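Residues per chain are reported as follows:
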Amino acid sequence: MRDSSNWKPTSYRTHTIGQVVEGGESLVGSEVTVAGYAETVRGRGAICFLMLRDGTGRIQAFLKKDNMEESLFEAIQSATRESTIQVTGVVAKKRPPKVAEGEPMPPPEFEVSVGSGTILAEAATPLPVGITDEVNVGLDVRLDNRHLDLRRTHVNAMFQLRSKVLQYGREHLITEGFQEINSPKIIAAAAEGGTNLFPMKYFETDAYLSQSPQLYKQLAVLGGLERVFEIGPAFRAEKHDTYRHLNEFVSFDIEGAWMDDEDVMGVQERMIHYIWKEISHNDMSLIGVVNEYRESQGKGPVTVEAPELPFPRIPYCEAIEIVKSGGGEIQWGDDIESHHCDIIASQYPGFHFIPRWPMSMKPFYIHHKQGEEGSEGGQLSRGFDLNFGRDEMTSGGAREHRVEVLEQNLRDVGLDPADFTFYTDGFRYGAPPHAGWGLGVARLLMVLTGAGNVREVVLFPRDRSRVTP
RNA sequence: GCCCCGAUGGUGUAGUGGCCUAUCAUGCAGCCCUGUCGAGGCUGCGACCCGGGUUCAAAUCCCGGUCGGGGCGCCA
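Residue positions are counted from 1 within each chain, in the order its sequence is given. The order in which chains are written sets their letters, starting at A; the order in which ligands are written sets their numbers, starting at 1. This being a predicted model, a pLDDT of at least 70 is required before a residue's local features are given, and a value of 80 or more before pairs of side-chain atoms are given or counted; all residues contribute to the totals for chains, interfaces and linings. Excluding hydrogens and water, the side-chain values take into account all heavy atoms of the structure.

J.: Mind showing me how you'd approach the overall build of chain A here?
T.: A count of helical and extended segments in chain A gives 13 helices and 15 strands. C-alpha extents for chain A along the principal axes are approximately 85 × 60 × 40 Å. To sort residues, take the accessible area from a 1.4 Å probe on protein chains only and compare it with the maximum for the residue type: under 20% means buried, over 50% means exposed, and anything in between is partly exposed. Taken across its 469 residues, chain A has 50% of its residues classed as buried. Residue pairs in contact within chain A that sit at least 24 positions apart in sequence constitute 67% of those at least 6 positions apart. Of the side chains in chain A, 48 bear a positive and 67 a negative charge, and the two mean positions are spaced by 4 Å. Each helix is a run of DSSP H or I of at least 4 residues and each strand a run of E of at least 2, with the numbering of both proceeding from the N terminus. Here, residues are in contact when the closest pair of their heavy atoms is within 4.5 Å. Charged residues are defined here as Lys and Arg on the positive side and Asp and Glu on the negative side; His and the ends of the chain fall outside this count. Every charge is mapped to an atom, namely NZ of Lys, CZ of Arg, CG of Asp or CD of Glu.

Right under this line is the structure:
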């Protein structure tokens, strides 16, 4: 539940439920108006108990037939679960529960003794997803009814954590001098060859949804903005169907001038360290909510400890050797696939960078230094990945700032430099060496919350077979 | 695109040819009790994905479809 200590009263309530729960003692005897969802309504006689929940807490409202208008009493008593109800009443200390001999008394709790109220909106029955039911609802049903799924405490906590991750990430980058930008999502050409784009009609011409802010954040840096970041959507028309891929996802991107791959790996590990540190200092109650649910599902708890710096660097050539010695079939020049990552992860279970991939495997905008060659002679690049366990979080690298090399790289991957003049022209008038990365926000959230599927931490995920709700 | 698996009340499930008028939980409706507190007790409601086939007999076996899950690929 969110901390609402600074929230102002609104037209519908004098206090948040959280304020009454927390403020308790000092509010006893005062009249408050609160509003929320009816979590349960118990009691069919002359008294009834209404458990009300808003985004900040839950509290019991106590209703007595004699204390209020009879028709309202009956309406609330027969209200369906999840109906929204506003009540006005006096804050009182709850009668203490009966405790077994020798058990300690729990701290006092407070309730609202209702004098009047309104049913704001009645909930239909049955609920397609029970909010407090002890059944393990399938992900597909949950996503079809996300508006209800979000009311579940642990789901709500996951999205609060998502917001915190974005907040702390932003905070950290700002302290390192990065400024936030917004790049266009409607584009005319591919940012990276090889990826399928969603085509669209832009008035009379053909356009695409952007698959990455890559080229535009570079142009911003070339234009002298020096250090930039963007948190925004990326769209990929790939027909994948896994727990970690979506066709629309939010990418956390940075780009910085006068930096190389090692410099931006430093930015990244410091940022992740900061996020983890802040969560572990400020938001463990949210993790606690997630863990409570995990326990009910027979899963172990997730822990949050700021990872040690620096993260291990396992250069591509070394990663290949680890896979080979772990029994994996792989050769220099092959991609490191998920089952290979499992082998590496058995030695490096946490965050680890894999720098210096073969140039032939990296996009055209990645920088390479002449003479940096792999164990078998191929040209290495200054591109890197960040993995956590078997999952890739990030891809990044130093960028090619020499326009003639850039154009050759384009030709090498079968692209026509003439289609990219909007980009290459940015390099013709003096270009600072620069580097950057893009991080999948949902994948980072999976690590933090222990979610087994990115869809859990994306509000309304878009995958191969889902465009609604 | 490939391989494997699955589809039973609103939700989550049991069920492997006749014992199914289909199990249990949760939910919903109602009643009783009650300053309750993950309340409790009682009664009731509600389902075999669609189409075809095999069989005396199909939730159960076969074929096709649709939808979903897992793994992979693609991708990062």
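Now that the structure has been shown, we can carry on.
J.: What is the right way to read the pairing of strand β15 (residues 434-440) from this model?
T.: Consecutive side chains of a regular strand alternate in pointing toward one face of the sheet and then the other. Of all 7 residues in β15, 7 are buried, a share of seventy percent or more. Side chains H434, G436, G438 and G440 project from β15 onto one buried face, and the interleaved A435, W437 and L439 project onto a second face that is buried too. Pairing of strand β11 (residues 248-257) with β15 involves 7 bridges; the strand directions are antiparallel. From the neighbouring strand, F252 faces β15, where its bridge partner is L439. Here, strands pair whenever DSSP counts at least two bridges between them. Here 5 bridges tie strand β14 (residues 391-398) to β15, and the two strands are oriented antiparallel to one another.

J.: Please clarify how the nonpolar core should be interpreted in this entry.
T.: Nonpolar side chains tend to gather and get buried jointly when the protein is soluble and globular. Core analysis: the largest hydrophobic core is formed by 49 residues, its most contacted members being F252, W276, I279, F351, W437 and L444. Of all the elements, helix α7 (residues 261-282) adds the most residues to this core, at 9 residues. When sequence neighbours within four positions are dropped, the list of residues in contact with F252 reads L166, G169, R170, L173, F229, E230, I231, M271, W437, G438, L439 and V441. Buried Ala, Val, Leu, Ile, Met, Phe, Trp, Tyr and Cys residues form a nonpolar core when they are joined through side-chain atoms within 4.5 Å.

J.: Looking at this structure, how should I read unusual backbone geometry?
T.: Negative phi values dominate among residues other than glycine, just as trans dominates among peptide bonds. In this model, T125 is joined to P126 through a cis peptide bond whose omega is -10°. A cis amide bond links L309 with the next residue in sequence, P310, at an omega value of -10°. Mapped onto the secondary structure, P310 falls in the loop between α8 (284-296) and α9 (316-325). Backbone geometry places F203, a non-glycine residue, at a positive phi of 50°. What makes F203 exposed here is its relative accessible area of 65%. The backbone of W258 sits at a positive phi, close to 60°, despite the residue not being glycine. Relative to the helices and strands, W258 is located in the loop between β11 and α7.

J.: Which parts of the structure should I look at to understand the packing of α9 against helix α10 (residues 338-347)?
T.: The geometry of a pair of packed helices is captured by two quantities: the angle between their axes and the separation between those axes. The N-to-C vectors of α9 and α10 enclose an angle of 95°; their axes lie 9 Å apart at closest approach. In terms of axis orientation, α9 runs roughly perpendicular to α10. Taking contact as the criterion, the partners of A319, I322 and V323 in α9 are, on α10, H340, I343, I344 and Q347. Partitioning the contact of α9 with α10 into residue classes produces 5 nonpolar, 2 polar and no charged. Here, axes are lines fitted to C-alpha atoms. For helices the fit covers the stretch in contact, and angles between N-to-C directions go from 0 to 180 degrees. In these notes the angle categories are as follows: under 35 degrees is roughly parallel, over 145 is roughly antiparallel, 65 to 115 is roughly perpendicular, and the rest is oblique. Under the scheme applied here, ten amino acids are nonpolar (Ala, Val, Leu, Ile, Met, Phe, Trp, Tyr, Cys and Pro), four are charged (Asp, Glu, Lys and Arg), and all others, including Gly, are polar.

J.: Looking at this structure, how should I read the side chain of Q86?
T.: Residue position: Q86 is located in strand β4 (residues 84-93). Among the polar contacts listed, one links the side chain of Q86 to the backbone oxygen of Y12, at a separation of 2.9 Å. Residues contacting Q86, with those up to four places away along its chain left out, are S11, Y12, T33, V34, A35, S116, G117, T118 and L120. Distance and chemistry together define a polar contact, namely a pair of N or O atoms within 3.5 Å, with one atom able to donate a hydrogen and the other to accept it when in protein, and with adjacent residues in sequence counting only for side-chain atoms on both sides.

J.: In this structure, what is going on with the packing of aromatic side chains? I would like to understand it.
T.: Aromatic rings in a pair are described by how distant their centres are and how their planes are angled relative to each other. Pairing of aromatic rings covers Phe, Tyr and Trp, the last through its six-membered ring, and needs centres within 6.5 Å; plane angles under 30 degrees mean stacked, over 60 mean edge-to-face, and all others mean tilted. Counted by the stated rule, this structure contains 18 aromatic pairs. Where F364 meets F420, the ring centres are 5.6 Å apart and the plane angle is 65°; that geometry is what we call edge-to-face. With a gap of 56 residues between them, F364 in the loop between β12 (351-355) and β13 (383-388) and F420 in the loop between α11 (403-412) and α12 (421-424) connect regions that are remote in the sequence. Per residue, the accessibility class of F364 equals that of F420, and both read buried. A centroid spacing of 6.4 Å and a plane angle of 25° characterise the contact between F420 and F422, whose relative ring orientation is stacked. Classification of F420 by relative accessible area gives buried; the value is 3%. Here F422 falls in the partly exposed class, since its relative accessible area comes to 33%. The rings of Y216, F364, Y365, F420, F422, Y423 and F427 are connected pair by pair, giving a single aromatic cluster. Throughout this description, the term charge over a ring refers to an Arg CZ or Lys NZ atom that lies within 6 Å of the ring centre and within 35 degrees of the ring normal. When the ring centre of W357 is taken as origin, the NZ or CZ atom of K362, which lies over that ring, is 5.0 Å away.

J.: Teacher, can you tell me more about the environment of S116 here?
T.: Mapped onto the elements, S116 comes out in strand β5 (residues 110-121). Through-space distance from the C-alpha of S116 to that of T33 is 9.2 Å; in sequence the pair is 83 residues apart.

J.: Would you mind going over the environment of E305 with me for this structure?
T.: Examined against the element boundaries, E305 turns out to sit in the loop between α8 and α9. Overall, E305 belongs to the exposed group, its relative accessible area being 64%. Separated by 249 residues in the primary sequence, E305 and T56 place their C-alpha atoms 26 Å from one another.

J.: Explain the sheet that holds β13 to me, please; I cannot follow it from the model alone.
T.: In sheet architecture, strand pairing relies on hydrogen bonds along the backbone and comes in two forms, parallel and antiparallel. The 7 strands lie next to each other as β6-β10-β11-β15-β14-β13-β12, forming an open sheet whose pairing is mixed. Because the sheet does not close on itself, it has two edges, and the strands there are β6 (179-180) and β12. Along the sheet, α7 contacts β11, β12, β13, β14 and β15; its crossing angle with β15, the most-contacted strand, is approximately 35°.

J.: How should I be thinking about the pairing of β5 in this particular structure?
T.: As judged from the 3 bridges shared by strand β3 (residues 57-64) and β5, these two strands associate in the parallel manner. Within β5, the residue paired with Q60 across the bridge is E111. Here β4 pairs with β5 via 10 bridges, running antiparallel. Each residue of the ladder has a partner; that of T88, found in β5, is S116.

J.: In this structure, what is going on with the packing of helix α5 (residues 153-175) against α8? I would like to understand it.
T.: One can describe the packing of α5 onto α8 by two numbers: an axis separation of 9 Å at closest approach and a directional angle of 140°. Taken together, the axes of α5 and α8 are oblique relative to one another. Of the two possible hands of crossing, α5 and α8 adopt the one that is left-handed. In contact with T153, H154, A157, M158, Q160 and L161 of α5, α8 contributes L286, I287, V289, V290 and Y293. Among the residues making up the contact of α5 with α8, the classes are represented as 8 nonpolar, 3 polar and no charged. By definition, any crossing whose near helix is turned counterclockwise from its far helix by less than a right angle is left-handed, and any crossing with a clockwise turn is right-handed.

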